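Chain residues, written in single-letter form:
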Amino acid sequence: MAEILIIGGGVAGISAAVHARRAGREAVIFEAGERWGGLLDHFHVGGFRFDNAVHFAFSNNEHYRAVLEMTDYITHRPEPYNYEQGRWLKHPVQNNLYPLPAEEKVKAIKSFIERPDQSEDSNYRQWLNEQFGEVIAGRYPARYTEKYWTVPADSLSTDWIGSRLYRPSLEEVLFGAMTDRTPSTYYLPELFYPRRGGYRAFLDPLVEDLDLRTGKEVVRVNPVKKYVECRDGSREYYLHLVSSTPLPVLAGMIDGAPAVVGEQAAALWATSVALVSLGFSRPQKGGHLWFYIYDRDILPARAHAPSMKSPDNAPQGCSSLQFETYFSRQAPLKCSGEELIEHVLDAAEKMDVASRPDLAVADYRTLPYGNVVFDRGMVGRRDYVLDYVRSCGILPVGRFGEWDYLWADQSFLSGKQAETLPFVV
Ligand SMILES: Cc1cc2nc3c(=O)[nH]c(=O)nc-3n(C[C@H](O)[C@H](O)[C@H](O)COP(=O)(O)OP(=O)(O)OC[C@H]3O[C@@H](n4cnc5c(N)ncnc54)[C@H](O)[C@@H]3O)c2cc1C
């Protein structure tokens, strides 16, 4: 019998176990995979290390900052770039239009000035028009949305935006159209990354004393008799259950869940990420830490340089890039892994960030869960399922357990809720 049984050994599950133990409780983590870390884990190809997609650490939260401080890290100034049809624009594009031809700048600025007033219940596309004007919205964030969220912007709500998109003043738009000497307006001032060991090294000090069992995939939950069953046929009873498994998956595992819960859960969906990871036998060409790609004929939405995050991620004198292509049940990937690698290599040469003759290793793999999609009405459906899960006495945590757009620090804080679970006598 486990006092607190936690499904999932990502940062949320690890945090749940750490905080439960600090509160004097006994906790065990069941992780389906052979390694812990979830999205914050990495893999090796040849002598190169790649995280599961771009991962930097940042947080205003004292608890997560304390975790970061336990590891030796590199501090990066965030200076992302944007690639569009042979041009590189500083980020964010809306106040860095400098490289565009004069006629295009005039159109963009005129449309910014004439942008519609903000309304209460805009969809994401309307919201973009209201912030940036039709021209900038259509050319940049709306097009990026189709690649990153895999659906048109007008099918999304605005529940997830927060501080993620910068809303410049007219002065900032004008200034950025006249000069490239613009100040950084990225919403995070600094980004942190372990000097050695990939992002997951930040979590190493936390897992040392935990009871973390890998290869234990939970496939069934009985909330009345309080046990879980694993794919290996084993059964474990619990007093409290914490789950970071994706919410729709959990809903489908609960014995006796009403059909309406299943229907609401089935309408929740997330994007998946196809990663193409490339190692090169030479130092970095171009030198952007990460960049966004707007061209429709280039499949990846985003790329980053693991070897710039830390030189420890590549053999000496070598460099690496990783490209993220998003797909979903609304927009399946239409090519094989090998074809995507070829496509990415062509695109990298076109963007002049890599040369084929320098290629040392190439890897293709997918992450089944990337971003939960905030299509319109999603929040209501999600909350309905969450209420049901909680009514079963299960604590949902993490990015996919809570079904929210959480960064790593927020997933960590989500897991921290396990410290409040009541004692059972
Ligand atoms: C492309 C991308 C880029 C990102 N970049 C950043 C960034 O730069 N900075 C940042 O702070 N955050 C970033 N994030 C967010 C960050 O990755 C997440 O917030 C965090 O890793 C989520 O942790 P988690 O524990 O909630 O989920 P996960 O990491 O998904 O962990 C869940 C774990 O549960 C296991 N599991 C699932 N089902 C079962 C089951 N039935 N039985 C047993 N085990 C199970 C899984 O194998 C997995 O290990 C990014 C996310 C993505 C997708």
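Rules used in this analysis
Residues numbered from 1 in each chain as written. Predicted model: local features only at pLDDT ≥ 70, side-chain atom pairs only at ≥ 80, totals over all residues. Heavy atoms only, no water. Helix = DSSP H or I, 4+ residues; strand = E, 2+ residues; numbered from the N terminus. Expected span 1.5 Å × (residues − 1). Contact = heavy atoms within 4.5 Å. Buried < 20%, exposed > 50% of the residue type's maximum accessible area, 1.4 Å probe, protein only. Near = heavy atom within 4 Å. Polar contact = N/O pair within 3.5 Å; in protein donor to acceptor, adjacent residues only side chain to side chain. Areas by Shrake-Rupley, 256 points an atom, 1.4 Å probe, with all protein chains shown as cover. Nonpolar A, V, L, I, M, F, W, Y, C, P; charged D, E, K, R; others polar. Pairing = 2+ DSSP bridges. Axes fitted to C-alpha atoms, helices over the stretch in contact; angles between N-to-C directions. Parallel < 35°, antiparallel > 145°, perpendicular 65-115°, else oblique. Left-handed = near helix turned anticlockwise from the far one by under 90°. Domains from an automatic or database assignment.

> When you look at unusual backbone geometry in this model, what are you seeing that I'm missing?
In most cases, non-glycine residues show a negative phi, while peptide bonds are predominantly trans. Residues His91 and Pro92 are joined by a peptide bond in cis, for which omega reads -5°. Examined against the element boundaries, Pro92 turns out to sit in the loop between strand S7 (87–90) and helix H3 (102–113). With a phi angle near 60°, Asp352 is a residue other than glycine that sits in the positive phi range. For Trp403, which is not glycine, the phi torsion reads 55° and is therefore positive. Position of Trp403 relative to the elements: it lies in the loop between helix H14 (398–401) and helix H15 (408–416).

> What is the right way to look at helix H12 (residues 337–350) in this model?
An α-helix turns once per 3.6 residues; consequently, residues spaced three or four apart project the same way. A rise of 1.5 Å per residue sets the reference length of H12, with its 14 residues, at 20 Å; its end C-alpha atoms lie 20 Å apart and thus fit the reference within 8%. Taken together, the buried residues of H12 touch strand S13 (272–280), strand S16 (319–327) and strand S17 (359–367). Asp352 occupies a position one or two residues after H12 and carries a positive phi of about 60°.

> Is there a simple way to think about the environment of Leu275 in this case?
Among the secondary structure elements, Leu275 is positioned in strand S13. Judged by its relative accessible area of 0%, Leu275 falls in the buried class. Taking the C-alpha atoms as reference, Leu275 lies 8.9 Å from Pro300; in sequence the two are 25 residues apart. Once residues within four sequence positions are removed from consideration, Leu275 is found in contact with Phe43, Asp51, Asn52, Ala53, Gln322, Phe323, Glu324, Asp363, Tyr364, Arg365 and Leu367.

> Is there a simple way to explain the site of the ligand in this structure?
Taken together, 33 residues lie near the ligand, and Glu31, His55, Phe56, Thr245 and Leu406 sit nearest. Residue Glu31 places a side-chain N or O atom 2.6 Å away from an oxygen atom belonging to the ligand. The separation between an oxygen atom of the ligand and a polar main-chain atom of Arg399 is 2.9 Å. When the free accessible area of the ligand is taken as 1,000 Å², the share hidden by the protein chains comes to 91%. Mapped by element, the contributors of at least two residues to the shell around the ligand are helix H1 (11–22), S16, H14 and H15. For the shell around the ligand, the class distribution of residues is 17 nonpolar, 10 polar and six charged.

> Looking at this structure, I do not really get H15. What am I missing?
In terms of burial, H15 is a largely internal element, seven of the nine residues being buried. Buried within H15 we find Ala408, Asp409, Ser411, Phe412, Ser414, Gly415 and Lys416. Residues of H15 that are buried in the fold lie against H1, helix H2 (62–68), helix H8 (204–207) and H14.

> Is there a simple way to explain the sheet that holds strand S14 (residues 290–293) in this structure?
Pairing within the open sheet is mixed, and its seven strands lie in the order S7-S6-S14-S15-S16-S13-S17. Edge positions in the sheet fall to S7 and S17, since each of these pairs with one other strand and no more. Strand-to-strand, the axes of this sheet are offset by a mean angle of 20°, without reference to chain direction. Strand contacts of helix H6 (residues 141–148): strand S6 (81–84), S14, strand S15 (302–304) and S16, with the helix running at about 100° to S14, the strand carrying the most contacts.

> Is there a simple way to think about the side chain of Thr71 in this case?
Structurally, Thr71 can be placed in the loop between H2 and strand S5 (73–76). What makes Thr71 buried here is its relative accessible area of 15%. Excluding anything up to four places from it in sequence, Thr71 contacts Pro194, Ala201, Phe202 and Pro205.

> Sorry if this is basic, but what is going on with the packing of helix H10 (residues 259–266) against helix H13 (residues 378–391) here?
Two numbers describe a pair of packed helices, the interaxial angle and the distance between the axes. As a packed pair, H10 and H13 sit with axes 9 Å apart at the nearest point and diverge in direction by 135°. The angle between the axes of H10 and H13 places the two elements in the oblique class. The way H10 lies across H13 gives a crossing that is left-handed. Along the contact surface, H10 presents Val260, Val261, Gln264 and Ala265, while H13 presents Arg381, Tyr384, Val385 and Tyr388. Along the lines of polarity and charge, the residues of the contact of H10 with H13 split into six nonpolar, one polar and one charged.

> Got a minute to help me understand the domain arrangement of the chain in this structure?
The accessible area lost on association of the parts is a frequent measure of interface size. Assigned domains of the chain: these are domain 1 (2–37 + 203–264 + 377–420), domain 2 (81–178) and domain 3 (272–367). Placing the centre of domain 1 and that of domain 2 at their C-alpha centroids yields a distance of 38 Å.

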